[in-house]
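# Examination of the molecular architecture
Next come the chains, spelled out residue by residue.
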Amino acid sequence: MSNGHLLSSLLYLFTIVAILVTLSKRLGLGSILGLLIAGIIVGPFSYGPILTKEVGSVRNIAEFGVVLLLFVIGLEMQPKKLWSMRKEVFGLGSAQILFSGFFIFLYAVSYAKSWQVALLIAPTFALSSTAFVMQILQDKGITHTPEGQTSFSILLMQDLAVVPLLALVPIVAINQVPAGESIWIEVLIAIGSIAALTLFGKYVVPKLLDYLAKHQNKDAFFFFVITAVVFAAWLMEHSGLSMSLGAFIMGMILSNSKYHYQIRAYVEPYKGLLMAMFFVAVGMSIDLEAMVDNPLVLLQHLVVIMAIKIVALFAFMVFMGYKRSTAISVSFLLAQSGEFGFVVFGAMKAVGGISDELFVASITIISFSMLLTPLLVNLSEKLALKFDTSPIKIKSAYVPKTEWEGVIIAGYGEVGRLTATMLDYANIPFVAFDIDAKRVEIGEKEGRAVYYGELSDLDFITRIGLEKAKAVILTIENHHTAAKIISHIRNEYPYLRILSRTKNMKTRDLLVKHGVSWAMPVSSEGALRLGAETLLGLGRTREDVIDILTYFRKNDYETIKELHEKDEKKVSNNIYKRR
């Protein structure tokens, strides 16, 4: 392919994608639907210019975006948190596969040539698309909500179900159940591979990252991170598991690493591009002519399968005690079939287990179910509102148009507002950001530079003029978010002064670990002022009170930190004695 032809193809692709994503977002349907339609237009089944006929190859390459997506999710999922979700993963996740698969099997057995084929079709259609669901959750900023956590738990169990599904392939291909020993060997290989990956990620990767960080080799650091992700995906793929599961495990292992914020910052841009290409590739797989040839039959299969998945999961979640609004959101969100279906049906076609007609029909149903997902999610939000009237959080950001020399304040609550007032009084320029629209409105009414923005977003903080800032003040309450912001800023601007409020001395140590220049619990200073006023009221001189305050403030509040450490040891000893 010549450079001219390559550039023309890229120009054609990006133009179509840009236009359709813009229109889709404008209509409130999200970017995924626009990417799918763009794929249909540039795909081999289109009547217009065709980008390529090698749809499978494009999808295989772009699927690495799904791998990076699961890796990033793993970075935010510590092992303790995953263990706390075991009920949802193994309980609800297994129930979703079994219940949905059972009813789809009852439906498919009437149309399949044998019960063996129906046995494979049913659980394959019961699985959902990790790529679609997690991307929608991230776009809407609801990954850590009950709906997001429940959906993720079910998807994780679906990834674990890959091994038994692959074991079903010989049943259809040679119409013979494989030996029990063969299945157990596959299971043992999978368990051994997970153990090997865990050891590699826990003991080898951190040491190499320490070495590269020590020598400030950013390029090698990035490439080694990508190598670790690829190795994890490769190992799981060759063990009969999904590539996404391997990436998730690697991310989860590195979630406790001091580099995990920087790792995410390196991976995010490539993840976004590859995810977009994956959705375009899925759109390129959609054959509209196949739907036109048998529109009623394929439409029937599509509606029935998606309806079974919605009703089965909704009913079981309500039975398990979930709120109806949550059950509605999750069941509609997981109604589509997943990208793993492309693999299963492709493998079955290769060994002659299914006919070409069934393969085309299956791929068409999976693709169209993905196409309908954004619409179903919008519908579920309206239905869920009838059962849950709590306000929906909006997530956006405003970026100042010009750079300046001053102070940046994160958070415009009570502490942030008072800090801004002090800076204003001292004639020091500042810009404040908050994700609470009401607080931003208050700042605007006061005539101050207060904007809507999320400083935990790496792309955002690199565009607000931090290179000219004199200092950054964090007044937000959530210490996890504060640590994330501090880590981002410290990696990009190592000499910038960062000051932060904290909840207590323990969280202060966490922020110090991530690079904060100075941090102190607001309650500590408040307690000192309360004690000072009490002493003055009891007749102590102002000079004596100042000396007492100096004693408690000296050496960066060393006396207060020692008092806190003693209290922690005392509490720990009491707990031990009770046990």
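Right, let's walk through the structure included here.

Cut-offs applied
Residues numbered from 1 in each chain as written. Predicted model: local features only at pLDDT ≥ 70, side-chain atom pairs only at ≥ 80, totals over all residues. Heavy atoms only, no water. Helix = DSSP H or I, 4+ residues; strand = E, 2+ residues; numbered from the N terminus. Expected span 1.5 Å × (residues − 1). Buried < 20%, exposed > 50% of the residue type's maximum accessible area, 1.4 Å probe, protein only. Pairing = 2+ DSSP bridges. Axes fitted to C-alpha atoms, helices over the stretch in contact; angles between N-to-C directions. Parallel < 35°, antiparallel > 145°, perpendicular 65-115°, else oblique. Left-handed = near helix turned anticlockwise from the far one by under 90°. Contact = heavy atoms within 4.5 Å. Nonpolar A, V, L, I, M, F, W, Y, C, P; charged D, E, K, R; others polar. Polar contact = N/O pair within 3.5 Å; in protein donor to acceptor, adjacent residues only side chain to side chain. Right-handed = clockwise from strand over helix to strand, strands pointing away.

## Some remarks on helix H9 (residues 146-160)
An ideal rise of 1.5 Å per residue puts 21 Å on 15 residues; H9 measures up with 21 Å between its terminal C-alpha atoms. Along H9, 13 of the 15 residues are buried, which leaves the element largely enclosed by surrounding structure.

## Things to note about the sheet that holds strand S1 (residues 407-410)
Within a sheet, each strand pairs with its neighbour through backbone hydrogen bonds, oriented either parallel or antiparallel. The sheet built from six strands is open, its strands ordered S3-S2-S1-S4-S5-S6 with parallel pairing. Edge strands, defined here as strands with exactly one partner in the open sheet, are strand S3 (450-452) and strand S6 (518-521). Each adjacent strand pair in this sheet contributes to an overall mean axis angle of 20°, direction not counted. The pairing of S1 with strand S2 (residues 430-434) spans four bridges and is classified as parallel. Its bridge partner being in S2, Val 407 is matched across the sheet by Phe 430.

## Structural notes on the packing of helix H4 (residues 64-75) against helix H8 (residues 130-140)
In contact at an axis separation of 10 Å, H4 and H8 are set at 50° when each is read in the N-to-C sense. Judged on the interaxial angle alone, H8 and H4 are oblique. Like other packed secondary-structure pairs, H4 and H8 cross with a definite hand, here left-handed. Of the residues in H8, those touching H4 at Val 66, Leu 69, Leu 70 and Ile 73 are Thr 130, Ala 131, Met 134, Gln 135 and Gln 138. Split by residue class, the contact of H4 with H8 holds six nonpolar, three polar and no charged.

## Quick look at the side chain of His 301
Secondary-structure assignment places His 301 in helix H17 (residues 295-319). At 2.6 Å, the side chain of His 301 forms a polar contact with the side chain of Tyr 107.

## Looking at the side chain of Ser 337
Counting through the fold element by element, Ser 337 comes out in the loop between helix H18 (324-333) and helix H19 (340-350). At a separation of 3.2 Å, a polar atom in the side chain of Ser 337 contacts the main-chain carbonyl oxygen of Phe 125.

## Some details on the pairing of strand S5 (residues 497-502)
By the alternation rule, side chains of S5 split into Ile 498, Ser 500 and Thr 502, which are all buried, and Arg 497, Leu 499 and Arg 501, of which none is buried. Pairing geometry for strand S4 (residues 471-474) and S5, over four bridges, is parallel. Paired with Ala 471 across the two strands is Arg 497, which belongs to S5. Considered for its hand, the β-α-β crossover made up of S4, helix H24 (residues 479-492) and S5 is right-handed. Here S5 runs beside S6; their pairing, made up of four bridges, is parallel. From the neighbouring strand, Arg 501 faces S6, where its bridge partner is Met 520. For the crossover that starts at S5, traverses helix H25 (residues 505-513) and ends in the parallel S6, the hand is right-handed.

## Here's the deal with unusual backbone geometry
Its identity as a non-glycine residue notwithstanding, Asn 427 has a phi of 60°, on the positive side. Topologically, Asn 427 is positioned in the loop between helix H21 (414-425) and S2.

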